[in-house]
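Chain by chain, the residues run as shown.
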Amino acid sequence: RAQIHRIFKGLLGLLPIILIKSKMHLSRIARVAAVRAPLQRAASTGIYNTPMHQNVKDLISKWIDTEINPNVNAWEEAQIFPAKKVFKQLGNLGLLGLNKPTDCGGLGLDYSFQVLMAEELGRIACGSVPMAIGVQTDMATPALARFGSKLVKEQFLRPTITGDFVSCIGVSEVGAGSDVSQIKTFARKDGDDYVINGGKMWITNGHQADWMCLLANTGGGEGPHFNKSLICLPLDTKGVTRVRKLDKLGMRSSDTAEFVFEDVRVPQTFRIGEEGKGFSYQMIQFQEERLFAAAGALKVMETSIQQTIDYTSSRIIFASFRFNSRTHVAKVVQFRLAELQTEIESLRSLVYRATEARIAGEDVTLLASMAKLKVGRLVREVADSCLQYFGGMGFMNETPISRVYRDQRILSIGGGADEVMLGIISKLMLPKRK
């Protein structure tokens, strides 16, 4: 009895310590939950804070899970996906005109819905399909929707929104990729027509596209920023040649074409907006393209990080230091992924800020350029670090991270290279001349 009494007394003595430690543990859980909950809410809602946003998100998610991801591997193997079929599905769902005007078939929603779509498309198991969709919604059509005449909207924008047309954007040329002002393609006036000669390079959707939003020199104006126009060019027009389908490092199922134009005749009524303002119109289109790219990579990076957590938790080499262990080697992995996740959330905040500014009618050139620069660099860091932690399996084509590594490298090149973004940002940082 005396021994039992001593044990009981000892347990009573330990009770305050147990209570304190339990309280500390519960407090820690509460603190973690308190931090994690708003982060999860921010990641799941952010600027998408209405039932309509959730409905659109659910619609996109279901479409990806049923119609796209089951087919991605076959499309990647074939090095092409059926753009006309996929875009028609999107058109039927109303997803190709979320923020396009209602008078030409769009839904007339604000720009946050387009950013939501870009972010959700990051769940697709390759970069090719989201990029092709982005060309249709955020690269070839913003200027047309904003500045186009009723005629060109009816003839080109409406069927593009319904998914009956596949579009492409014709800006880049050999020797004029990053410096748009130096393009050589020329559209000469002849009566009521333009006669176009020249060529375009690295044209996404080019092999399957029905029409091209073409940037060409049209003469007049003072200097290379005032002598260009955007023209809607039907790609079945005589003199248009799709020279070849290009073989790329990544984005394997996205068809990319080279074009040559020889005395291609189109009516001047196919011009978008005013003659000579094509360069400024294209700069406006670039802002949407760059925000689409930044938003579209967010879930790509988050998925890569989560897959890396899952894999490193089961790797034999990590058997003695699981992902949640306290060993130094595990901490290296944990800390690196934590650092990258923090960077992703910072980028998300930048994208959302730019989105809110654009909805408010502000010039987002600076913010969009910053987001484009950041995503191009960050996605390379994420892909490289995650592939490294996958070890030999990361180098295998069957592992998703290897596809991310190949596909997302384009983000520092296409839509304005990192160096171009730095030039824009630094220029806008300088004090304005009086």
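Rules behind the numbers
- Residues numbered from 1 in each chain as written.
- Predicted model: local features only at pLDDT ≥ 70, side-chain atom pairs only at ≥ 80, totals over all residues.
- Heavy atoms only, no water.
- Buried < 20%, exposed > 50% of the residue type's maximum accessible area, 1.4 Å probe, protein only.
- Helix = DSSP H or I, 4+ residues; strand = E, 2+ residues; numbered from the N terminus.
- Contact = heavy atoms within 4.5 Å.
- Core = buried A, V, L, I, M, F, W, Y, C linked by side-chain atoms within 4.5 Å.
- Patch = residues over 30% accessible without salt bridge, like charges linked within 9 Å, V, L, I, M, F, W, Y side chains within 5 Å.
- Areas by Shrake-Rupley, 256 points an atom, 1.4 Å probe, with all protein chains shown as cover.
- Salt bridge = Lys/Arg side-chain N within 4 Å of Asp/Glu carboxyl O.
- Phe/Tyr/Trp six-rings, centres within 6.5 Å; stacked < 30°, edge-to-face > 60°.
- Lys NZ or Arg CZ within 6 Å of the ring centre and 35° of its normal.

Description of helix α4 (residues 83–93)
Every buried residue of α4 is accounted for by A83, V86, F87, Q89, L90 and G91. In this fold, the buried residues of α4 make contact with α2 (51–68), α3 (72–78), α5 (111–121), α6 (128–139) and α8 (150–162). Residue G94 follows α4 closely and has a positive phi angle near 80°.

Quick look at the nonpolar core
In this structure, L233 and M301 are the most contacted members of the largest nonpolar core, which totals 111 residues. Looking at this core element by element, the count peaks at 12 residues for helix α12 (residues 365–390). When near neighbours in sequence (up to four residues on either side) are disregarded, L233 contacts I196, D210, W211, M212, L214, V240, F261, V264 and V266.

Things to note about a nonpolar patch on the surface
Judged by side-chain polarity, M393, F395 and M396 come together as a nonpolar surface patch covering roughly 310 Å² of accessible area. For F395, the location among the structural elements is in the loop between α12 and α13 (400–407). Classification of F395 by relative accessible area gives exposed; the value is 66%.

Thoughts on the packing of aromatic side chains
One pass over the structure, following the stated rule, counts eight aromatic pairs. Summarising the aromatic geometry, the rings of F259 and F261 are spaced 6.2 Å apart at their centres and angled 25° between planes, so their arrangement reads as stacked. F261 gets classed as buried once you look at its relative accessible area, which sits at 2%. Members of the aromatic cluster, each reached through a chain of ring pairs, are W75, F81 and F87. In this arrangement the basic side chain of R358 is found over the ring face of Y111, its NZ or CZ atom lying 4.3 Å from the centre.

Worth remembering: the numbers are spatial, not functional.
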